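# Topology and contacts: notes
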Amino acid sequence: MGELAAEQVQEKVDAVYRSESRRILATLIRLLGDFELAEDALHDAFRAALEQWSKEGVPANPRAWLITAGRFKAIEAIRRRARFDASQATIAEQFGGEAREVANFDSDSIEDDRLRLIFTCCHPALAPEARVALTLREVCGLTTEEIAHAFLTAPSALAKRIVRAKAKIRDARIPYQVPSADELPDRLDAVLQVIYLVFNEGYSASSGESVTRSDLSGEAVRLGRLLAELLPEPEVIGLLALMLLQESRRVARTSPTGELILLEDQDRALWNRDQIAEGKGLVKKALSLRRFGAYTLQAAIAAVHADASEAAATNWARVVSFYDVLFQVHPSPVVELNRAAALAMRDGPDAGLALIDAILARGDLLDYHWAHSARADLWRRKGNPEKARASYEMALTLARHGAEKRFIERQLAELD
Amino acid sequence: MKYICLGYYDETQWATMSESESNAVIDECFTYEDILRKNGHFASVEVCNPRNATTIRSRNGQVSITDGPYTETKEQLGAVLILEATDLNHAVQLMAKHPGVKYGSIFDIRPAGDMTEMIRESEQRRGGQS
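All values reported here derive from a predicted model rather than from experimental measurement.

Definitions and cut-offs
- Residues numbered from 1 in each chain as written.
- Chains lettered and ligands numbered in written order.
- Predicted model: local features only at pLDDT ≥ 70, side-chain atom pairs only at ≥ 80, totals over all residues.
- Heavy atoms only, no water.
- Helix = DSSP H or I, 4+ residues; strand = E, 2+ residues; numbered from the N terminus.
- Contact = heavy atoms within 4.5 Å.
- Expected span 1.5 Å × (residues − 1).
- Buried < 20%, exposed > 50% of the residue type's maximum accessible area, 1.4 Å probe, protein only.
- Arc of directions from axis to C-beta.
- Phe/Tyr/Trp six-rings, centres within 6.5 Å; stacked < 30°, edge-to-face > 60°.
- Pairing = 2+ DSSP bridges.
- Axes fitted to C-alpha atoms, helices over the stretch in contact; angles between N-to-C directions.
- Core = buried A, V, L, I, M, F, W, Y, C linked by side-chain atoms within 4.5 Å.
- pLDDT = per-residue confidence, 0-100.

This paragraph deals with the environment of Ile 65 of chain B. Relative to the assigned elements, Ile 65 of chain B resides in strand β4 (residues 62–67). With sequence-adjacent residues up to four places away left out, Ile 65 of chain B is seen in contact with Thr 54, Thr 55 and Ile 56 of chain B.

Here it is as C-alpha coordinates:
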(Lines give C-alpha, C1' and ligand atoms only; values in the text may rest on other atoms or scores of the structure.)
Protein backbone atom coordinates (compact mmCIF):
# COMPACT_ATOMS: atom_id res chain seq x y z
CA MET A 1 0.00 0.00 0.00
CA GLY A 2 1.51 3.28 -1.07
CA GLU A 3 1.60 6.31 1.16
CA LEU A 4 -1.23 8.72 0.60
CA ALA A 5 -0.65 12.42 0.28
CA ALA A 6 -1.26 14.19 3.59
CA GLU A 7 -3.99 16.47 2.23
CA GLN A 8 -5.78 13.51 0.61
CA VAL A 9 -5.96 11.74 3.95
CA GLN A 10 -7.00 14.93 5.71
CA GLU A 11 -9.84 15.33 3.21
CA LYS A 12 -10.98 11.76 3.65
CA VAL A 13 -10.85 11.97 7.45
CA ASP A 14 -12.79 15.24 7.37
CA ALA A 15 -15.43 13.66 5.13
CA VAL A 16 -15.77 10.64 7.40
CA TYR A 17 -15.97 12.95 10.41
CA ARG A 18 -18.84 14.88 8.84
CA SER A 19 -20.85 11.82 7.85
CA GLU A 20 -19.99 9.35 10.63
CA SER A 21 -18.83 11.11 13.80
CA ARG A 22 -22.32 11.24 15.40
CA ARG A 23 -22.95 7.54 14.73
CA ILE A 24 -19.55 6.61 16.08
CA LEU A 25 -20.07 8.75 19.19
CA ALA A 26 -23.47 7.15 19.83
CA THR A 27 -21.94 3.68 19.71
CA LEU A 28 -18.92 4.64 21.82
CA ILE A 29 -21.22 5.99 24.53
CA ARG A 30 -22.91 2.58 24.68
CA LEU A 31 -19.62 0.67 24.68
CA LEU A 32 -17.93 2.90 27.25
CA GLY A 33 -20.98 3.86 29.30
CA ASP A 34 -19.88 7.45 29.69
CA PHE A 35 -20.35 10.61 27.59
CA GLU A 36 -17.05 12.30 28.45
CA LEU A 37 -15.00 9.16 27.96
CA ALA A 38 -16.71 8.55 24.60
CA GLU A 39 -16.08 12.11 23.38
CA ASP A 40 -12.40 11.89 24.24
CA ALA A 41 -12.24 8.49 22.57
CA LEU A 42 -13.91 9.87 19.44
CA HIS A 43 -11.31 12.59 19.07
CA ASP A 44 -8.44 10.23 19.82
CA ALA A 45 -9.75 7.83 17.17
CA PHE A 46 -9.88 10.51 14.48
CA ARG A 47 -6.40 11.68 15.43
CA ALA A 48 -5.16 8.09 15.09
CA ALA A 49 -6.92 7.79 11.71
CA LEU A 50 -5.07 10.81 10.38
CA GLU A 51 -1.79 9.21 11.35
CA GLN A 52 -2.40 5.60 10.38
CA TRP A 53 -4.47 6.01 7.22
CA SER A 54 -1.64 7.92 5.56
CA LYS A 55 0.66 4.93 6.20
CA GLU A 56 -1.70 1.99 5.80
CA GLY A 57 -4.34 3.40 3.51
CA VAL A 58 -8.00 4.06 4.26
CA PRO A 59 -9.66 0.94 5.75
CA ALA A 60 -12.55 -0.76 3.95
CA ASN A 61 -14.93 0.09 6.77
CA PRO A 62 -13.82 3.42 8.28
CA ARG A 63 -16.71 3.47 10.76
CA ALA A 64 -15.83 0.09 12.32
CA TRP A 65 -12.13 1.04 12.32
CA LEU A 66 -12.88 4.27 14.20
CA ILE A 67 -15.19 2.61 16.74
CA THR A 68 -12.59 -0.04 17.48
CA ALA A 69 -9.80 2.55 17.67
CA GLY A 70 -11.91 4.77 19.93
CA ARG A 71 -12.70 1.95 22.30
CA PHE A 72 -9.07 0.90 22.39
CA LYS A 73 -7.94 4.48 23.10
CA ALA A 74 -10.45 4.72 25.95
CA ILE A 75 -9.21 1.48 27.50
CA GLU A 76 -5.64 2.73 27.20
CA ALA A 77 -6.64 5.95 28.94
CA ILE A 78 -8.36 4.05 31.75
CA ARG A 79 -5.33 1.75 32.13
CA ARG A 80 -3.03 4.75 32.31
CA ARG A 81 -5.15 6.18 35.08
CA ALA A 82 -5.33 2.74 36.69
CA ARG A 83 -1.57 2.75 37.27
CA PHE A 84 -2.20 5.56 39.70
CA ASP A 85 -5.42 4.17 41.04
CA ALA A 86 -5.96 0.49 41.73
CA SER A 87 -9.76 0.70 41.72
CA GLN A 88 -9.75 1.70 38.03
CA ALA A 89 -7.97 -1.51 37.08
CA THR A 90 -11.16 -3.55 37.32
CA ILE A 91 -12.95 -1.12 35.02
CA ALA A 92 -10.19 -1.52 32.45
CA GLU A 93 -10.58 -5.30 32.72
CA GLN A 94 -14.30 -5.01 31.98
CA PHE A 95 -13.59 -3.25 28.70
CA GLY A 96 -10.62 -5.42 27.85
CA GLY A 97 -10.88 -8.81 26.20
CA GLU A 98 -12.12 -8.35 22.69
CA ALA A 99 -10.87 -4.78 22.49
CA ARG A 100 -8.14 -5.39 19.95
CA GLU A 101 -10.14 -7.34 17.44
CA VAL A 102 -11.79 -5.33 14.67
CA ALA A 103 -15.37 -5.87 15.65
CA ASN A 104 -17.95 -6.16 12.91
CA PHE A 105 -20.55 -3.65 14.01
CA ASP A 106 -23.74 -4.32 12.13
CA SER A 107 -25.61 -1.27 10.97
CA ASP A 108 -28.81 -2.14 12.86
CA SER A 109 -27.19 -1.89 16.26
CA ILE A 110 -25.46 1.32 15.21
CA GLU A 111 -28.77 2.90 14.22
CA ASP A 112 -30.20 1.75 17.58
CA ASP A 113 -27.36 3.59 19.27
CA ARG A 114 -28.36 6.81 17.50
CA LEU A 115 -31.90 6.40 18.88
CA ARG A 116 -30.52 5.64 22.35
CA LEU A 117 -28.51 8.85 22.18
CA ILE A 118 -31.53 10.91 21.12
CA PHE A 119 -33.75 9.51 23.89
CA THR A 120 -31.04 9.95 26.51
CA CYS A 121 -30.36 13.58 25.53
CA CYS A 122 -34.12 14.29 25.63
CA HIS A 123 -34.75 12.44 28.91
CA PRO A 124 -37.49 14.18 30.93
CA ALA A 125 -35.30 14.04 34.09
CA LEU A 126 -33.06 16.66 32.46
CA ALA A 127 -33.97 20.36 32.51
CA PRO A 128 -35.69 21.43 29.26
CA GLU A 129 -32.89 23.85 28.25
CA ALA A 130 -30.34 21.13 28.98
CA ARG A 131 -32.18 18.69 26.68
CA VAL A 132 -32.01 21.17 23.79
CA ALA A 133 -28.34 21.99 24.38
CA LEU A 134 -27.32 18.36 24.80
CA THR A 135 -29.21 17.23 21.69
CA LEU A 136 -27.63 19.92 19.52
CA ARG A 137 -24.20 19.14 20.96
CA GLU A 138 -24.21 15.34 20.94
CA VAL A 139 -26.72 14.34 18.25
CA CYS A 140 -26.18 17.20 15.79
CA GLY A 141 -22.52 17.79 16.57
CA LEU A 142 -22.81 21.58 16.93
CA THR A 143 -20.08 23.21 18.97
CA THR A 144 -20.87 24.81 22.33
CA GLU A 145 -20.07 28.22 20.78
CA GLU A 146 -22.48 27.65 17.89
CA ILE A 147 -25.31 26.64 20.24
CA ALA A 148 -24.63 29.54 22.60
CA HIS A 149 -24.65 31.96 19.66
CA ALA A 150 -27.93 30.58 18.31
CA PHE A 151 -29.63 30.87 21.71
CA LEU A 152 -28.06 34.22 22.54
CA THR A 153 -26.40 32.93 25.71
CA ALA A 154 -22.82 33.01 26.93
CA PRO A 155 -20.76 29.97 25.84
CA SER A 156 -19.55 29.48 29.43
CA ALA A 157 -23.13 29.28 30.74
CA LEU A 158 -24.09 26.85 28.01
CA ALA A 159 -21.00 24.71 28.61
CA LYS A 160 -21.92 24.54 32.30
CA ARG A 161 -25.45 23.46 31.42
CA ILE A 162 -24.10 20.62 29.26
CA VAL A 163 -21.60 19.49 31.90
CA ARG A 164 -24.34 19.44 34.55
CA ALA A 165 -26.63 17.40 32.30
CA LYS A 166 -23.91 14.84 31.61
CA ALA A 167 -23.17 14.58 35.34
CA LYS A 168 -26.84 13.92 36.01
CA ILE A 169 -26.95 11.20 33.35
CA ARG A 170 -23.91 9.55 34.93
CA ASP A 171 -24.71 9.99 38.63
CA ALA A 172 -28.46 9.31 38.54
CA ARG A 173 -27.72 6.49 36.10
CA ILE A 174 -30.06 7.49 33.32
CA PRO A 175 -29.91 4.37 31.16
CA TYR A 176 -28.78 4.43 27.52
CA GLN A 177 -31.97 2.93 26.19
CA VAL A 178 -34.77 3.32 23.71
CA PRO A 179 -37.88 3.38 25.92
CA SER A 180 -40.18 0.35 26.02
CA ALA A 181 -43.46 0.37 24.11
CA ASP A 182 -45.55 1.52 27.10
CA GLU A 183 -43.23 4.46 27.85
CA LEU A 184 -42.69 5.37 24.21
CA PRO A 185 -45.58 7.84 23.63
CA ASP A 186 -44.56 10.11 26.54
CA ARG A 187 -40.85 9.83 25.90
CA LEU A 188 -41.25 10.41 22.16
CA ASP A 189 -43.29 13.50 22.96
CA ALA A 190 -40.31 14.91 24.89
CA VAL A 191 -38.05 14.29 21.87
CA LEU A 192 -40.49 15.92 19.44
CA GLN A 193 -40.78 18.92 21.76
CA VAL A 194 -37.02 19.41 21.65
CA ILE A 195 -36.93 19.18 17.85
CA TYR A 196 -39.85 21.59 17.38
CA LEU A 197 -38.39 24.02 19.90
CA VAL A 198 -35.12 24.07 17.97
CA PHE A 199 -37.08 24.60 14.76
CA ASN A 200 -39.10 27.48 16.17
CA GLU A 201 -36.05 29.09 17.70
CA GLY A 202 -34.69 29.25 14.17
CA TYR A 203 -38.00 30.17 12.56
CA SER A 204 -38.98 33.04 14.83
CA ALA A 205 -36.25 34.21 17.14
CA SER A 206 -37.61 34.77 20.66
CA SER A 207 -35.78 38.06 21.07
CA GLY A 208 -33.49 40.32 19.13
CA GLU A 209 -33.97 41.73 15.67
CA SER A 210 -33.48 38.85 13.27
CA VAL A 211 -36.68 36.90 12.67
CA THR A 212 -35.15 33.86 11.07
CA ARG A 213 -32.10 31.95 12.14
CA SER A 214 -32.27 29.38 9.45
CA ASP A 215 -29.34 27.33 10.72
CA LEU A 216 -31.34 26.06 13.69
CA SER A 217 -34.41 25.33 11.56
CA GLY A 218 -32.26 23.39 9.13
CA GLU A 219 -30.77 21.45 12.02
CA ALA A 220 -34.26 20.66 13.35
CA VAL A 221 -35.37 19.40 9.93
CA ARG A 222 -32.27 17.19 9.73
CA LEU A 223 -33.06 15.82 13.20
CA GLY A 224 -36.67 15.24 12.15
CA ARG A 225 -35.52 13.33 9.07
CA LEU A 226 -33.15 11.20 11.13
CA LEU A 227 -35.85 10.36 13.66
CA ALA A 228 -38.42 9.63 10.93
CA GLU A 229 -35.93 7.23 9.39
CA LEU A 230 -35.10 5.50 12.70
CA LEU A 231 -38.59 5.52 14.22
CA PRO A 232 -41.34 6.15 11.65
CA GLU A 233 -44.13 6.85 14.16
CA PRO A 234 -47.06 8.92 12.80
CA GLU A 235 -46.28 11.98 14.92
CA VAL A 236 -42.60 11.90 13.96
CA ILE A 237 -43.64 11.98 10.30
CA GLY A 238 -46.24 14.64 11.13
CA LEU A 239 -43.69 16.89 12.81
CA LEU A 240 -41.29 16.55 9.86
CA ALA A 241 -44.16 17.47 7.52
CA LEU A 242 -45.09 20.46 9.68
CA MET A 243 -41.52 21.76 9.70
CA LEU A 244 -41.12 21.34 5.94
CA LEU A 245 -44.42 23.08 5.20
CA GLN A 246 -43.54 26.00 7.47
CA GLU A 247 -40.02 26.11 6.09
CA SER A 248 -41.43 26.27 2.55
CA ARG A 249 -42.73 29.78 3.32
CA ARG A 250 -39.50 31.07 4.86
CA VAL A 251 -38.52 33.38 2.00
CA ALA A 252 -42.08 34.68 1.61
CA ARG A 253 -42.79 35.43 5.26
CA THR A 254 -40.37 38.32 5.65
CA SER A 255 -39.67 41.28 3.40
CA PRO A 256 -36.08 42.03 2.31
CA THR A 257 -35.98 44.60 5.15
CA GLY A 258 -36.99 41.96 7.70
CA GLU A 259 -40.67 42.89 8.03
CA LEU A 260 -43.17 40.14 8.88
CA ILE A 261 -45.62 39.27 6.09
CA LEU A 262 -48.82 37.45 7.06
CA LEU A 263 -49.83 34.25 5.28
CA GLU A 264 -52.65 36.00 3.37
CA ASP A 265 -50.28 38.69 2.04
CA GLN A 266 -47.38 36.43 1.07
CA ASP A 267 -46.19 36.09 -2.52
CA ARG A 268 -47.03 32.42 -3.00
CA ALA A 269 -44.71 32.15 -5.99
CA LEU A 270 -41.88 32.35 -3.47
CA TRP A 271 -43.04 29.22 -1.61
CA ASN A 272 -40.68 26.28 -1.97
CA ARG A 273 -42.59 23.73 -4.06
CA ASP A 274 -40.23 20.83 -3.32
CA GLN A 275 -40.68 21.23 0.42
CA ILE A 276 -44.45 21.54 -0.02
CA ALA A 277 -44.60 18.37 -2.14
CA GLU A 278 -42.54 16.44 0.40
CA GLY A 279 -44.52 17.86 3.32
CA LYS A 280 -47.86 16.99 1.73
CA GLY A 281 -46.71 13.45 1.01
CA LEU A 282 -45.70 13.04 4.65
CA VAL A 283 -49.03 14.45 5.92
CA LYS A 284 -50.88 11.90 3.83
CA LYS A 285 -48.71 9.12 5.19
CA ALA A 286 -49.09 10.23 8.82
CA LEU A 287 -52.88 10.56 8.50
CA SER A 288 -53.08 7.09 6.96
CA LEU A 289 -51.26 5.62 9.98
CA ARG A 290 -54.19 6.61 12.22
CA ARG A 291 -52.46 7.19 15.57
CA PHE A 292 -51.64 10.76 14.56
CA GLY A 293 -51.78 13.76 16.90
CA ALA A 294 -51.30 17.49 17.14
CA TYR A 295 -48.22 17.76 14.89
CA THR A 296 -49.85 15.87 12.03
CA LEU A 297 -53.03 17.95 12.32
CA GLN A 298 -51.09 21.23 12.26
CA ALA A 299 -49.21 19.93 9.23
CA ALA A 300 -52.54 19.02 7.57
CA ILE A 301 -53.73 22.61 8.10
CA ALA A 302 -50.48 23.96 6.63
CA ALA A 303 -50.98 21.63 3.64
CA VAL A 304 -54.45 23.09 2.98
CA HIS A 305 -52.89 26.56 2.83
CA ALA A 306 -50.16 25.26 0.54
CA ASP A 307 -52.83 24.04 -1.89
CA ALA A 308 -54.41 27.46 -2.33
CA SER A 309 -53.02 29.46 -5.25
CA GLU A 310 -54.07 32.65 -3.45
CA ALA A 311 -55.39 33.46 0.04
CA ALA A 312 -58.95 33.91 -1.27
CA ALA A 313 -58.91 30.39 -2.72
CA THR A 314 -58.22 28.74 0.66
CA ASN A 315 -60.54 25.88 1.57
CA TRP A 316 -61.52 27.37 4.94
CA ALA A 317 -64.13 24.70 5.65
CA ARG A 318 -61.36 22.12 5.55
CA VAL A 319 -59.08 24.26 7.73
CA VAL A 320 -61.86 24.63 10.32
CA SER A 321 -62.57 20.90 10.32
CA PHE A 322 -58.89 20.12 11.00
CA TYR A 323 -58.92 22.69 13.82
CA ASP A 324 -62.00 20.95 15.26
CA VAL A 325 -60.07 17.67 15.49
CA LEU A 326 -56.94 19.44 16.74
CA PHE A 327 -58.95 21.05 19.53
CA GLN A 328 -60.21 17.61 20.59
CA VAL A 329 -56.69 16.16 20.62
CA HIS A 330 -55.01 19.19 22.11
CA PRO A 331 -57.47 21.60 23.74
CA SER A 332 -55.58 24.86 24.30
CA PRO A 333 -56.55 28.54 24.10
CA VAL A 334 -54.07 29.10 21.24
CA VAL A 335 -55.68 26.34 19.16
CA GLU A 336 -59.07 27.88 20.01
CA LEU A 337 -57.83 31.29 18.81
CA ASN A 338 -56.54 29.89 15.52
CA ARG A 339 -59.81 28.03 15.03
CA ALA A 340 -61.70 31.28 15.63
CA ALA A 341 -59.61 33.05 12.97
CA ALA A 342 -60.30 30.26 10.47
CA LEU A 343 -63.99 30.26 11.35
CA ALA A 344 -64.11 34.02 10.70
CA MET A 345 -62.78 33.34 7.20
CA ARG A 346 -65.46 30.72 6.63
CA ASP A 347 -68.48 32.38 8.31
CA GLY A 348 -67.54 36.07 8.57
CA PRO A 349 -65.94 38.29 11.25
CA ASP A 350 -68.86 38.17 13.71
CA ALA A 351 -68.50 34.44 14.28
CA GLY A 352 -64.75 34.81 14.92
CA LEU A 353 -65.13 37.83 17.22
CA ALA A 354 -67.67 36.04 19.41
CA LEU A 355 -65.21 33.18 19.95
CA ILE A 356 -62.18 35.42 20.62
CA ASP A 357 -64.17 37.57 23.04
CA ALA A 358 -65.24 34.43 24.87
CA ILE A 359 -61.59 33.29 25.23
CA LEU A 360 -60.52 36.72 26.59
CA ALA A 361 -63.57 36.97 28.85
CA ARG A 362 -62.48 33.69 30.43
CA GLY A 363 -59.15 35.32 31.25
CA ASP A 364 -57.11 33.28 28.73
CA LEU A 365 -54.57 34.79 26.28
CA LEU A 366 -54.95 38.29 27.80
CA ASP A 367 -51.21 38.90 27.37
CA TYR A 368 -50.88 37.10 24.02
CA HIS A 369 -50.45 39.84 21.43
CA TRP A 370 -51.69 37.70 18.53
CA ALA A 371 -55.09 37.39 20.23
CA HIS A 372 -55.47 41.17 20.26
CA SER A 373 -54.11 41.50 16.70
CA ALA A 374 -56.58 38.89 15.47
CA ARG A 375 -59.43 40.69 17.23
CA ALA A 376 -58.29 44.01 15.74
CA ASP A 377 -58.22 42.50 12.26
CA LEU A 378 -61.81 41.28 12.60
CA TRP A 379 -63.02 44.71 13.80
CA ARG A 380 -61.24 46.25 10.83
CA ARG A 381 -63.03 43.87 8.48
CA LYS A 382 -66.33 44.76 10.13
CA GLY A 383 -65.59 48.43 9.31
CA ASN A 384 -64.97 49.63 12.86
CA PRO A 385 -61.51 51.28 12.87
CA GLU A 386 -61.89 52.64 16.44
CA LYS A 387 -62.31 49.19 17.94
CA ALA A 388 -59.56 47.87 15.66
CA ARG A 389 -57.20 50.61 16.81
CA ALA A 390 -57.81 49.89 20.50
CA SER A 391 -57.00 46.20 20.02
CA TYR A 392 -53.90 46.87 17.89
CA GLU A 393 -52.65 49.27 20.56
CA MET A 394 -53.17 46.60 23.18
CA ALA A 395 -51.23 44.13 20.99
CA LEU A 396 -48.43 46.66 20.54
CA THR A 397 -47.86 46.95 24.30
CA LEU A 398 -47.61 43.13 24.53
CA ALA A 399 -45.35 42.36 21.53
CA ARG A 400 -41.70 41.88 22.45
CA HIS A 401 -40.13 41.13 19.12
CA GLY A 402 -38.93 44.08 16.99
CA ALA A 403 -40.41 42.71 13.76
CA GLU A 404 -43.72 41.94 15.48
CA LYS A 405 -43.93 45.47 16.90
CA ARG A 406 -43.26 46.99 13.48
CA PHE A 407 -45.91 44.74 11.95
CA ILE A 408 -48.55 46.04 14.39
CA GLU A 409 -47.41 49.63 13.82
CA ARG A 410 -47.93 49.14 10.07
CA GLN A 411 -51.45 47.81 10.68
CA LEU A 412 -52.19 50.85 12.83
CA ALA A 413 -50.87 53.21 10.17
CA GLU A 414 -53.09 51.54 7.55
CA LEU A 415 -56.20 52.27 9.64
CA ASP A 416 -55.74 56.00 9.05
CA MET B 1 -27.96 1.03 42.90
CA LYS B 2 -29.63 2.84 45.78
CA TYR B 3 -32.01 5.74 45.26
CA ILE B 4 -33.22 7.96 48.08
CA CYS B 5 -36.84 8.92 47.57
CA LEU B 6 -38.04 11.91 49.56
CA GLY B 7 -41.83 11.85 49.81
CA TYR B 8 -43.65 15.16 50.24
CA TYR B 9 -47.33 15.61 50.91
CA ASP B 10 -49.81 18.38 51.47
CA GLU B 11 -51.03 18.26 55.08
CA THR B 12 -54.13 20.32 54.39
CA GLN B 13 -55.31 17.71 51.90
CA TRP B 14 -54.96 14.99 54.53
CA ALA B 15 -56.86 17.08 57.06
CA THR B 16 -59.95 16.95 54.85
CA MET B 17 -60.04 13.14 54.85
CA SER B 18 -62.06 11.03 57.25
CA GLU B 19 -60.23 8.50 59.37
CA SER B 20 -61.44 5.56 57.30
CA GLU B 21 -60.39 7.33 54.10
CA SER B 22 -56.89 8.05 55.32
CA ASN B 23 -56.56 4.53 56.73
CA ALA B 24 -57.46 3.12 53.32
CA VAL B 25 -54.72 5.22 51.69
CA ILE B 26 -52.16 4.17 54.31
CA ASP B 27 -53.07 0.49 53.89
CA GLU B 28 -52.76 0.78 50.10
CA CYS B 29 -49.32 2.39 50.41
CA PHE B 30 -48.08 -0.24 52.87
CA THR B 31 -49.39 -3.04 50.64
CA TYR B 32 -47.37 -1.66 47.75
CA GLU B 33 -44.29 -1.23 49.92
CA ASP B 34 -44.63 -4.88 50.98
CA ILE B 35 -44.54 -5.88 47.31
CA LEU B 36 -41.43 -3.75 46.76
CA ARG B 37 -39.81 -5.35 49.81
CA LYS B 38 -40.67 -8.87 48.67
CA ASN B 39 -39.08 -8.21 45.25
CA GLY B 40 -35.89 -6.87 46.79
CA HIS B 41 -36.44 -3.29 45.62
CA PHE B 42 -36.99 -1.82 49.02
CA ALA B 43 -34.07 -1.11 51.33
CA SER B 44 -35.87 0.85 54.02
CA VAL B 45 -38.43 3.49 54.83
CA GLU B 46 -38.74 6.01 57.63
CA VAL B 47 -41.78 8.16 58.14
CA CYS B 48 -41.34 11.53 59.79
CA ASN B 49 -43.65 13.94 61.52
CA PRO B 50 -43.78 16.97 59.25
CA ARG B 51 -44.62 19.29 62.19
CA ASN B 52 -41.65 18.24 64.24
CA ALA B 53 -38.31 19.40 62.86
CA THR B 54 -35.39 20.92 64.73
CA THR B 55 -32.65 22.62 62.77
CA ILE B 56 -29.08 22.82 64.02
CA ARG B 57 -26.23 24.76 62.47
CA SER B 58 -23.09 26.57 63.49
CA ARG B 59 -23.36 30.27 64.32
CA ASN B 60 -20.30 32.15 65.50
CA GLY B 61 -18.61 28.90 66.41
CA GLN B 62 -21.58 27.77 68.53
CA VAL B 63 -24.15 25.21 67.59
CA SER B 64 -27.43 27.03 67.29
CA ILE B 65 -30.71 25.19 67.63
CA THR B 66 -33.89 26.53 66.00
CA ASP B 67 -37.39 25.36 65.22
CA GLY B 68 -37.37 23.70 61.80
CA PRO B 69 -37.79 22.70 59.09
CA TYR B 70 -34.81 24.28 57.34
CA THR B 71 -36.69 24.61 54.05
CA GLU B 72 -40.30 25.70 54.35
CA THR B 73 -42.61 24.51 51.58
CA LYS B 74 -46.34 24.00 51.34
CA GLU B 75 -45.71 20.30 50.92
CA GLN B 76 -44.11 18.68 53.94
CA LEU B 77 -41.46 16.00 53.96
CA GLY B 78 -43.35 12.98 55.23
CA ALA B 79 -41.23 9.95 54.41
CA VAL B 80 -37.81 8.85 53.28
CA LEU B 81 -37.64 5.67 51.22
CA ILE B 82 -34.47 3.91 50.17
CA LEU B 83 -35.04 2.09 46.91
CA GLU B 84 -32.92 -0.53 45.18
CA ALA B 85 -33.15 -0.15 41.38
CA THR B 86 -30.99 -0.86 38.33
CA ASP B 87 -31.16 2.67 36.92
CA LEU B 88 -33.20 5.88 37.03
CA ASN B 89 -35.86 4.61 34.61
CA HIS B 90 -36.34 1.56 36.83
CA ALA B 91 -36.57 3.72 39.96
CA VAL B 92 -39.12 5.98 38.28
CA GLN B 93 -41.14 2.95 37.17
CA LEU B 94 -41.22 1.55 40.72
CA MET B 95 -42.13 4.86 42.35
CA ALA B 96 -44.70 5.80 39.69
CA LYS B 97 -46.78 2.85 40.89
CA HIS B 98 -46.57 3.94 44.53
CA PRO B 99 -50.18 4.69 45.60
CA GLY B 100 -49.00 7.87 47.37
CA VAL B 101 -48.41 9.45 43.95
CA LYS B 102 -52.02 9.14 42.86
CA TYR B 103 -53.14 10.62 46.20
CA GLY B 104 -51.04 13.72 45.61
CA SER B 105 -47.68 12.89 47.15
CA ILE B 106 -44.61 14.22 45.38
CA PHE B 107 -41.38 12.23 45.27
CA ASP B 108 -37.86 13.52 44.72
CA ILE B 109 -35.71 10.63 43.53
CA ARG B 110 -32.02 11.09 44.22
CA PRO B 111 -29.20 8.66 43.46
CA ALA B 112 -27.37 7.71 46.64
CA GLY B 113 -23.74 8.70 46.41
CA ASP B 114 -21.20 5.88 46.48
CA MET B 115 -18.95 6.69 49.44
CA THR B 116 -16.78 3.55 49.24
CA GLU B 117 -13.88 5.43 47.69
CA MET B 118 -14.27 8.41 50.02
CA ILE B 119 -14.32 6.11 53.07
CA ARG B 120 -11.27 4.17 51.85
CA GLU B 121 -9.28 7.36 51.31
CA SER B 122 -10.36 8.72 54.66
CA GLU B 123 -9.36 5.47 56.39
CA GLN B 124 -5.94 5.72 54.76
CA ARG B 125 -5.53 9.29 56.00
CA ARG B 126 -6.69 8.43 59.49
CA GLY B 127 -4.63 5.24 59.56
CA GLY B 128 -1.57 7.25 58.55
CA GLN B 129 -1.95 9.49 61.60
CA SER B 130 -2.03 6.78 64.25
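Below, the discussion takes up helix α8 (residues 155–171) of chain A. All names here are of chain A. Given a rise of 1.5 Å per residue, 17 residues ought to cover 24 Å, and the 24 Å separating the end C-alpha atoms of α8 matches this to within 8%. Within α8 the residues assigned to the buried category are Leu 158, Ile 162, Ala 165, Lys 166 and Ile 169. In an axial view of α8, the angular spread of the buried residues amounts to 95 degrees, which keeps them on one side of the axis. Pointing more than 90 degrees away from the buried face of α8 are the exposed residues Ser 156, Lys 160 and Arg 164.

All names here are of chain A. The full count for this structure, using the stated rule, is six aromatic pairs over all chains. Ring centres of Tyr 17 and Phe 46 lie 4.8 Å apart, and the angle between their planes is 70 degrees; on these two criteria the pair is classed as edge-to-face. One end of the pair, Tyr 17, is in helix α1 (residues 6–32); the other, Phe 46, is in helix α2 (residues 35–56), with 29 residues separating them in the sequence. Assessed through its relative accessible area of 28%, Tyr 17 is described here as partly exposed. Judged by centre distance (5.4 Å) and plane angle (70 degrees), the ring pair of Trp 53 and Trp 65 falls under edge-to-face.

Next up on the list: the sheet that holds strand β1 (residues 2–9) of chain B. Residues and elements named next belong to chain B. Taken in spatial order, the four strands line up as β2-β5-β1-β6 in an open sheet, and their pairing is antiparallel. For this open sheet the edge positions go to β2 (42–47) and β6 (106–111), each flanked by a neighbour on one side alone. Across the sheet, the axes of successive neighbouring strands diverge by a mean angle of 20 degrees, strand direction being ignored. In the sheet, β1 pairs with strand β5 (residues 76–84) via eight bridges, with the strands oriented antiparallel. Residue pairing in the sheet places Cys 5 in a bridge with Leu 81 of β5.

What follows concerns the nonpolar core. Counting residues in hydrophobic clusters, the biggest one holds 120 residues, and the most contacted among them are Leu 66, Leu 136, Leu 227 and Met 243 of chain A together with Leu 83 of chain B. Apart from the residues lying within four places of it in its own chain, the contact partners of Leu 66 of chain A are Val 16, Ile 24, Ala 45, Phe 46, Ala 49 and Trp 53 of chain A. Residues Leu 260, Leu 365, Leu 378 and Phe 407 of chain A belong to the second largest nonpolar core, which totals 23 residues.

Now for the confidence of the model for chain B. Residues and elements named next belong to chain B. On average, chain B scores 89 in pLDDT, and the residues at 70 or more come to 98%. β6 holds the highest mean pLDDT among the elements of chain B, 95, whereas helix α1 (residues 11–15) holds the lowest, 84. Across the predicted assembly, pTM comes out at 0.84 and ipTM at 0.80.

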